[in-house]
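Spelled out, the chains give:
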Amino acid sequence: MIKILGFILTIAGGIALVMGVLGAFGSMNVGMSPWALIILGIVFFFAGIGLLKNRKDTDQT
């Protein structure tokens, strides 16, 4: 269960990070501040990576 949550956070963080960078330095127009997306993307990405690296899955017996 922890690995699934870590995977979802990593993917969501990567998507938010890419959208934020494209909004800040490119021509992509998003609904919120691109810098907020960059910060949220960094936080979610590293939280997901941390969950994937340091936790063992509790579903295994």
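Our subject is the structure listed above.
Here's what I pulled together on the structure shown here. Sequence order as written defines the numbering, with residues in each chain counted from 1. Thresholds applied to this predicted model are a pLDDT of at least 70 for local features of residues and 80 or more for the giving and counting of side-chain atom pairs; totals over whole chains, interfaces and linings are not thresholded and use all residues. Working from all heavy atoms in the structure, the side-chain values ignore hydrogens and water.

Re the overall build of the chain
Consideration 1: When you go through the chain residue by residue, the secondary structure sums to two helices and zero strands.
Consideration 2: Burial status across the chain gives 21% buried among its 61 residues.
Consideration 3: Put simply, 64% of the contacts in the chain that link residues at least 6 apart link residues at least 24 apart.
Consideration 4: Throughout, the Shrake-Rupley method with a 1.4 Å probe supplies accessible areas, and for residues the shown protein chains are the sole cover considered. About 4500 Å² of surface is accessible on the chain, with carbon and sulfur atoms providing 72% of the total. Numbering of helices and strands starts at the N terminus; helices are DSSP runs of H or I of at least 4 residues and strands are runs of E of at least 2. Per-residue accessibility, obtained with a 1.4 Å probe over protein chains only, is compared with the maximum for each type, and a residue is labelled buried under 20%, exposed over 50%, and partly exposed between these values. Throughout, a contact is declared for two residues whenever any of their heavy atoms are within 4.5 Å.

Here we look at helix H2 (residues 34-54)
Consideration 1: To estimate the expected span of a helix, count its residues, drop one, and scale the result by 1.5 Å. When the terminal C-alpha atoms of H2 are compared, their 30 Å separation across 21 residues agrees well with the 30 Å that a helix rising 1.5 Å per residue should span.
Consideration 2: Where H2 is buried, its residues meet helix H1 (2-25).

Looking at the packing of aromatic side chains
Consideration 1: Ring pairs are drawn from Phe, Tyr and Trp, using the six-membered ring of Trp, whenever the two centres fall within 6.5 Å, and their geometry is named by plane angle: stacked under 30 degrees, edge-to-face over 60, tilted for the rest. If you walk through the whole model with that rule in mind, you get two aromatic pairs.
Consideration 2: A centroid spacing of 5.7 Å and a plane angle of 85° characterise the contact between phenylalanine 25 and tryptophan 35, whose relative ring orientation is edge-to-face. One end of the pair, phenylalanine 25, is in helix H1; the other, tryptophan 35, is in helix H2, with 10 residues separating them in the sequence.
Consideration 3: Tryptophan 35 gets classed as partly exposed once you look at its relative accessible area, which sits at 49%.

Things to note about H1
Consideration 1: In this model, H1 (24 residues) spans 34 Å end to end at C-alpha, consistent with the 34 Å of a helix rising 1.5 Å per residue.
Consideration 2: Within H1, the full set of buried residues consists of Gly6, Thr10, Gly13, Ala16, Gly20 and Gly23.

Overview of the packing of H1 against H2
Consideration 1: Packing of H1 against H2 brings their axes to within 7 Å, and their N-to-C directions diverge by 155°. In terms of axis orientation, H1 runs roughly antiparallel to H2. Like other packed secondary-structure pairs, H1 and H2 cross with a definite hand, here left-handed.
Consideration 2: Amino acid classes used here: Ala, Val, Leu, Ile, Met, Phe, Trp, Tyr, Cys and Pro are nonpolar; Asp, Glu, Lys and Arg are charged; the rest, including Gly, are polar. A class-by-class count of the residues in the contact of H1 with H2 yields 21 nonpolar, eight polar and one charged. Each axis is a line fitted through C-alpha atoms, taken for helices only over the stretch in contact, and angles between the N-to-C directions span 0 to 180 degrees. Any angle that is under 35 degrees is reported as roughly parallel, and any over 145 degrees as roughly antiparallel; angles of 65 to 115 degrees are reported as roughly perpendicular and all others as oblique. In this scheme, a crossing is called left-handed if the near helix is turned counterclockwise away from the far one by less than a right angle; it is called right-handed if the turn is clockwise.

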